[in-house]
Amino acid sequence: MNVNIHTSWKTHLEDEFSKPYFTELVNFVKLEYKTYQCFPPGKEIFAAFDYCTFDNLKVVIIGQDPYHGVNQANGLCFSVNEGVKHPPSLINIFKEIETDLGIPYPTSGNLERWAQQGILLLNATLTVRAHEAGSHQNKGWEQFTDLVIKTISEKKTNVVFLLWGGFAKKKGKLIDAKKHYILTSGHPSPLSANRGYWFGNKHFSKTNYQLETNGLEPVEW
């Protein structure tokens, strides 16, 4: 089965595409996109892998689900299309960057600029039905994205993993903490952030410190 994913990833993941669960997943997604409005657009389902190649990857941010509002999701977790109002979690991410690094709050919520610098913006589930959060969970995406995380852990070194909130923190068990650097905090959603579990985590300066320590270029957040 031909999955439109960047060649640098295909080398490490293509065995997965012929497994029965993945065939079922593809059939499910095709039917959903044919029957309902779904996000992100079909050509952007694997955008996280297109913008951040396996070789360039140095940071991983894990989200749960794509945004389910019209024109929001673009295949990168927490990111929205150009000109789209920033969702609450993204607002809190930008506020923390502002406090942590003194970078002015940006006008664009499109995080392609991060992905192109080697940040994999990975949602655990890569598709969703419009206005129905979690509608494509437990259909096989999580098995695939867990394998992606394990593959990165096994085949790369010194990657910074940012695990925000309970869901993302559970993915910590897939990562070799002796080879990689794991930062955890509450989720940037208002519910968690307003209880003091997000603001002040300084994950953006800490990420850059870790990258520079390992001789890598810091991220321009």
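Before reading on, note that the structure itself is shown above.
The structure presented is a predicted model; accordingly, all values stated were derived computationally and were not measured.

Each value, and the rule that gives it
Within each chain, residues carry numbers counting from 1 in the order of the written sequence. With pLDDT at 70 or above as the cut-off, local features in this predicted model cover only qualifying residues; side-chain atom pairs require 80 or more to be listed or tallied, and sums for whole chains, interfaces and linings still use all residues. Hydrogens and water molecules were not included; the side-chain quantities draw on all heavy atoms of the structure. What counts as a salt bridge is simple: a side-chain nitrogen of Lys or Arg found within 4 Å of a carboxyl oxygen of Asp or Glu. The cut-offs for exposure are 20% and 50% of the maximum accessible area for each residue type, with area from a 1.4 Å probe on protein chains only; residues under the lower value are buried, those over the upper are exposed, and the others partly exposed. Only rings of Phe, Tyr and Trp enter the pairing, Trp through its six-membered ring, and a pair is recorded when the two centres are within 6.5 Å. The plane angle decides the type: under 30 degrees is stacked, over 60 is edge-to-face, the rest tilted. Secondary structure follows DSSP: runs of H or I at least 4 residues long count as helices, runs of E at least 2 residues long count as strands, and numbering of each begins at the N terminus. Think of it as a cone above the ring: NZ of Lys or CZ of Arg counts as a charge over the ring if it is within 6 Å of the ring centre and within 35 degrees of the ring normal. For our purposes a nonpolar core is just a set of buried Ala, Val, Leu, Ile, Met, Phe, Trp, Tyr and Cys residues, chained together by side-chain atoms within 4.5 Å. When checking whether two residues touch, look at their non-hydrogen atoms; a contact exists if any pair is within 4.5 Å. Should DSSP find at least two bridges between two strands, the strands are regarded as paired. Working convention: axes come from line fits to C-alpha atoms, limited for helices to the stretch in contact. Angles between N-to-C directions cover 0 to 180 degrees.

**Focus on the pattern of salt bridges**
- Under the counting rule described, the total for this entry stands at four salt bridges.
- Note that Lys19 is salt-bridged to Glu16, the shortest N-O span being 2.9 Å.
- Accessibility expressed as a relative area gives 36% for Lys19, which makes it partly exposed.
- When its relative accessible area of 5% is taken as the criterion, Glu16 is described as buried.
- For the salt bridge of Arg129 with Glu32, the shortest nitrogen-to-oxygen distance reads 2.9 Å.

**Points about the packing of aromatic side chains**
- Applying the stated criterion across every chain, the model contains 21 aromatic pairs.
- Taking 4.8 Å as the distance between ring centres and 80° as the angle between the ring planes, the aromatic pair formed by Phe204 and Trp221 counts as edge-to-face. On the criterion of sequence distance, the pair formed by Phe204 in helix α9 (residues 203–213) and Trp221 in the segment after α9 is long-range, its members being 17 residues apart.
- By relative accessible area, Trp221 is classed as buried at 7%.
- Taken together, the aromatic side chains of Trp9, Phe17, Tyr21, Phe22, Phe46, Phe49, Phe54, Trp141 and Phe144 make up a single cluster linked through ring pairs.
- Of note, Arg129 hangs over the ring of Tyr36, and the distance from its end group to the ring centre comes to 3.6 Å.
- Above the face of the Phe54 ring, Lys156 is positioned so that its terminal group lies 5.2 Å from the ring centre.

**Some details on the nonpolar core**
- Counting 66 residues, the largest nonpolar core has Phe49, Trp114, Leu120 and Phe144 as the members making the most contacts within it.
- When residues of this core are assigned to their parent elements, the largest contribution, six residues, is made by helix α2 (residues 20–35).

**Quick word on the environment of Ile45**
- Inspection of the secondary structure assignment puts Ile45 in the loop between β1 (38–39) and α3 (47–51).
- According to the relative accessible area criterion, Ile45 is buried, its value standing at 10%.
- In sequence terms Ile45 and Thr127 are 82 residues apart; their C-alpha atoms lie 6.8 Å from each other.
- Excluding anything up to four places from it in sequence, Ile45 contacts Val29, Tyr33, Pro40, Leu126, Thr127 and Trp141.

**Observations concerning the sheet that holds strand β3 (residues 119–123)**
- Strand order in this open sheet of four strands is β3-β2-β5-β6, and the pairing throughout is parallel. The outermost strands of the open sheet, each flanked by one partner alone, are β3 and β6 (181–185). Neighbouring strand axes in the sheet, compared pairwise and without regard to direction, differ in orientation by 20° on average.
- Bridge count for strand β5 (residues 160–164) against β6 is five bridges, and the pairing is parallel.

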